[in-house]
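Descriptive structure summary
For reference, the chains in residue letters:
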Amino acid sequence: MDMYNSREPTFKRWPRLGRRALILLAASLLALAVLAADRSGAESSADAIYYVSVANGVDQAGCGTQSRPCKSIQYAINNRISASGDVIQVAAGTYTYQGDNNPCTQYLAARAVVCLANKKATIRGGYSLDWNTQNSAQFPTVIDGQNQYRGVYVQSPDKNHPSTAGIVMEGVTIRNGYTRCADNVPGTGTCAFGGGMLTDYASVNLKNMRFETNRVLGNNSRIGGSASGGGLAIRVTVGTATLEDIIFVGNSATAGNGSTRAGYSLGGGLYVLLGTVNGNNLQFYENRSTSGDSSGNGMLDGEIGDAFGAAATVMGGSTVTLENVIAHNNVTQGGRGNQFSGGAFGGAFKAEGAPALGEPVTFTLINADIRNNIARGGNSLSQSAVAESIGGLAAGGAVESIHANVNIFNSVIIGNSSLAGDGRTQGAAGGGGLYFQNIFEGSGVAVVRNSIVADNRARSGQGGVQGGGGGGIWLQGISATISQSTIVGNQLETVPMQGAGILVMSDGVQTGPKPATIEYNIIANNGGEGEVYAVHTKLQNTANLNHNLFAGNEGTINTWEVGTVNGMDTSLVVDDAIFISPGAPDYNYNISFASPAVNLADGSAVATDIDGDPRLGVPDAGAQEAAPFRVLIAPMDQSLRVQWGNNPGVLSYDMTVTCPSGADAPNEVGCGSTRNYGGQSTGAMLTGLTNYVRYSVAVTPILPNGERISPTVVAAVPTDHLVYVPMATRE
């Protein structure tokens, strides 16, 4: 059950993930210091506006007006804008690499369609050819790397001096950007960053953009080159970088193969190193992070070429907050090795900190929809020839972290998969949805609140048994709080595995166990192959439970080789949580007002639910407050239509009609009398009524245990003057 198995040596690995590249870049960029003075442009003024049109422009002296625009963005940058940051408005069209007359090529040997070195600029796309309209959907502006060149490079050379580079970009698509490690790079670090865009020590503000089918590739070498940020790589931000209304689709980071060890892949869509980033309305679709293969042993100095976070990877010294996020169908794929195959960490998102180096990470997701992502460990190349061959690990179908502070609020994590690789010894899989761990340091914490973790799965590879677990959530040596969440329908697909809903463990953790607080949750319908429990707490570990609802799990909590479990007496164990429409195709895990989770979260201080609705009185357990019982009434000629809808968990309904004096009683029930309707009924008709007088109807749901829910009373006036909006009130 020790999934770590010396696989994530953060302190060893960290310097190889970009710091060396930054040092080399800083040394090579000193020559850029003179560019600001040389290229400031006597005819430019701060905040001036220049115009570019590939259809109507010319790259000649004096271009940049509406009537005589420049043809290429780079010409305007080189010859028109000042160092302090002017505005370039770009008309619809496709913009490609225009030759080597730019500082990225001349000083960095890094060819990009758009290069900002020691300069700041605002670049706005989506303009009509007459400049009267800006609409990026109607008038798309595309920077196309043609699968040969990086899309955009923004660079300030010396982090010991104030940054001189920055970009504001809006209404632009960056497509087919490409960068690859040079063949003569020895492959000891990450040598390819940002196929679509790379920013180094710069201010960054991106809005209404699309990164699509951009690529970064590591080179093949004794140690495969690593690749980061297929769509966008942000290294060393100045202030807070902002990303708003950005789509990442079909981008990839692919590491190089290695005769000794393969390279790492980090962030198919987005990669952040030493940066502070706030993102809002971001979408990640079908991005890939694929580590390289190794024809040799596959491990060097305790490191294996792994694959990280296909949607986004957040590395040391970063604080990243992403709000209103969609991440669907991203794939993180570990490479193959003769003995040790690459692991996959975070099908969508990966966060890794190095607090001991002064480079902690805080990663926060708010209102995220993370579905159908896959973390897949690599298969061994030599399952029969090498007795020790081990399939690649798989950790976190949606999100994985190590030595990081992670917050997940008001989010849904549904249908993700952690699938380990095959070998003579199987790769172990954990955290079908979420995987949080500390190995060398114990400072990272995880908080999951007001979230749904549902229908995720973990499956270990074929071969000799290693194990795995945590169909929904894996907690390894980390202080974690899981509260007001719904953890349902998660599955373990191989034997032996532990913790179908949540696994609390500390195998391989050098800093010792950390407690898990699990409170005010619904933990339901989790299961799998073999003897599995919804919450599995291993020896020497502690789970503090408080007012949870356990419903329909194959087992509730483990009773053998168990650590310390506190507070089980405050929880409720039932057969059915009574969700509205669980599982495919609706995945609706709202609870009925008849659910036993109603009013169960006594003592919870969480003020709102996953939708932001208030939690009034005694809160309900789980991510969402139950909707109250509702009755609608519609007037018709001499009749009323009463509707209460389908309400799971209700045995029957009592309906009582109150008639005004002298009015006719309904044909279906006498005035002041009660009629009972079965639990499958959704409403009733009342006929034979007197028009133009007011009738009241009280409907009382009755639960299987005999409990009667407070009646809902509605009233309406039958009429032959029919309207399309129900004349109804609730009393």
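In case you missed it, the structure is sitting above this.
Residues numbered from 1 in each chain as written. Predicted model: local features only at pLDDT ≥ 70, side-chain atom pairs only at ≥ 80, totals over all residues. Heavy atoms only, no water.

1. With respect to the overall build of the chain
When its secondary structure is counted, the chain shows 5 helices and 67 strands. Over its C-alpha trace the chain gives a radius of gyration of 30 Å, about what one expects of a compact globule, namely 27 Å for 731 residues. Principal-axis analysis of the C-alpha atoms places the extent of the chain at approximately 95 × 70 × 40 Å. Expressed as a percentage of the 731 residues in the chain, the buried residues total 60%. Accessible surface, the chain: about 25400 Å² in total, of which carbon and sulfur atoms supply 48%. Counting 42 positive and 55 negative side-chain charges, the chain places the averaged centre of each group 10 Å from the other. (Helix = DSSP H or I, 4+ residues; strand = E, 2+ residues; numbered from the N terminus. Rg over C-alpha atoms; globule rule 2.2 N^0.38 Å. Buried < 20%, exposed > 50% of the residue type's maximum accessible area, 1.4 Å probe, protein only. Areas by Shrake-Rupley, 256 points an atom, 1.4 Å probe, with all protein chains shown as cover. Lys, Arg positive; Asp, Glu negative; His and termini not counted. Charge placed at Lys NZ, Arg CZ, Asp CG, Glu CD.)

2. Topic: the pairing of strand E17 (residues 241-249)
Two strands pair when backbone bridges link them, and strand E12 (residues 197-212) and E17 are joined in this way by 7 bridges, in the parallel orientation. What sits directly across from Asn 205, in E17, is Thr 242. Pairing of E17 with strand E22 (residues 276-285) involves 8 bridges; the strand directions are parallel. The residue bridging Thr 242 from the neighbouring strand is Asn 278, located in E22. (Pairing = 2+ DSSP bridges.)

3. Regarding the state of the cysteines
A complete count under the given rule lists 3 disulfides for this structure. A sulfur-sulfur distance of 2.0 Å marks the disulfide that ties Cys 63 to Cys 70. Taking the torsion about the S-S bond as the criterion, the Cys 63 to Cys 70 disulfide, at about 85°, is right-handed. One exposure class covers both Cys 63 and Cys 70, and it is buried. Between the sulfur of Cys 104 and that of Cys 115 lies a disulfide, 2.0 Å long from S to S. (Disulfide = S-S within 2.5 Å.)

4. With respect to the packing of aromatic side chains
Taken as a whole and assessed by the stated rule, the structure comprises 16 aromatic pairs. On the basis of an interplanar angle of 45° and a centroid distance of 5.9 Å, the ring pair of Tyr 264 and Phe 308 is categorised as tilted. With Tyr 264 in the loop between strand E19 (258-261) and strand E20 (265-266) and Phe 308 in strand E26 (residues 307-308), the pair connects residues that are 44 residues apart, well separated along the chain. Residue classification places Tyr 264 among the buried residues on the basis of a relative accessible area of 1%. Put simply, the rings of Phe 211, Phe 248, Phe 284, Phe 349 and Phe 363 touch in pairs and so form one group of aromatic residues. When the ring centre of Tyr 153 is taken as reference, the NZ or CZ atom of Arg 150 above it lies at 4.8 Å. Here the guanidinium or amino end of Lys 350 rests over the ring plane of Phe 308, the centre of that ring lying 4.3 Å away. (Phe/Tyr/Trp six-rings, centres within 6.5 Å; stacked < 30°, edge-to-face > 60°. Lys NZ or Arg CZ within 6 Å of the ring centre and 35° of its normal.)

5. Some remarks on the sheet that holds strand E52 (residues 527-528)
Pairing is parallel in the open sheet, where 10 strands are placed in the order E10-E13-E18-E23-E29-E33-E38-E43-E48-E52. What marks the edges here is a single partner per strand, and that holds for strand E10 (178-180) and E52. Sheet topology places strand E29 (residues 331-333) next to strand E33 (residues 374-376); 3 bridges connect them, and they run parallel. The residue bridging Thr 332 from the neighbouring strand is Ala 375, located in E33.

6. What about the side chain of Ser 72?
With respect to the helices, strands and loops of the structure, Ser 72 is situated in the loop between strand E1 (49-52) and helix H4 (73-79). Here the side chain of Ser 72 touches Asp 59 through a polar contact of 2.8 Å, side chain to side chain. A polar atom in the side chain of Ser 72 sits 3.2 Å from the backbone nitrogen of Tyr 75. Apart from the residues lying within four places of it in its own chain, the contact partners of Ser 72 are Val 52, Asp 59 and Gln 98. (Polar contact = N/O pair within 3.5 Å; in protein donor to acceptor, adjacent residues only side chain to side chain. Contact = heavy atoms within 4.5 Å.)

Keep in mind these values describe shape, not function.
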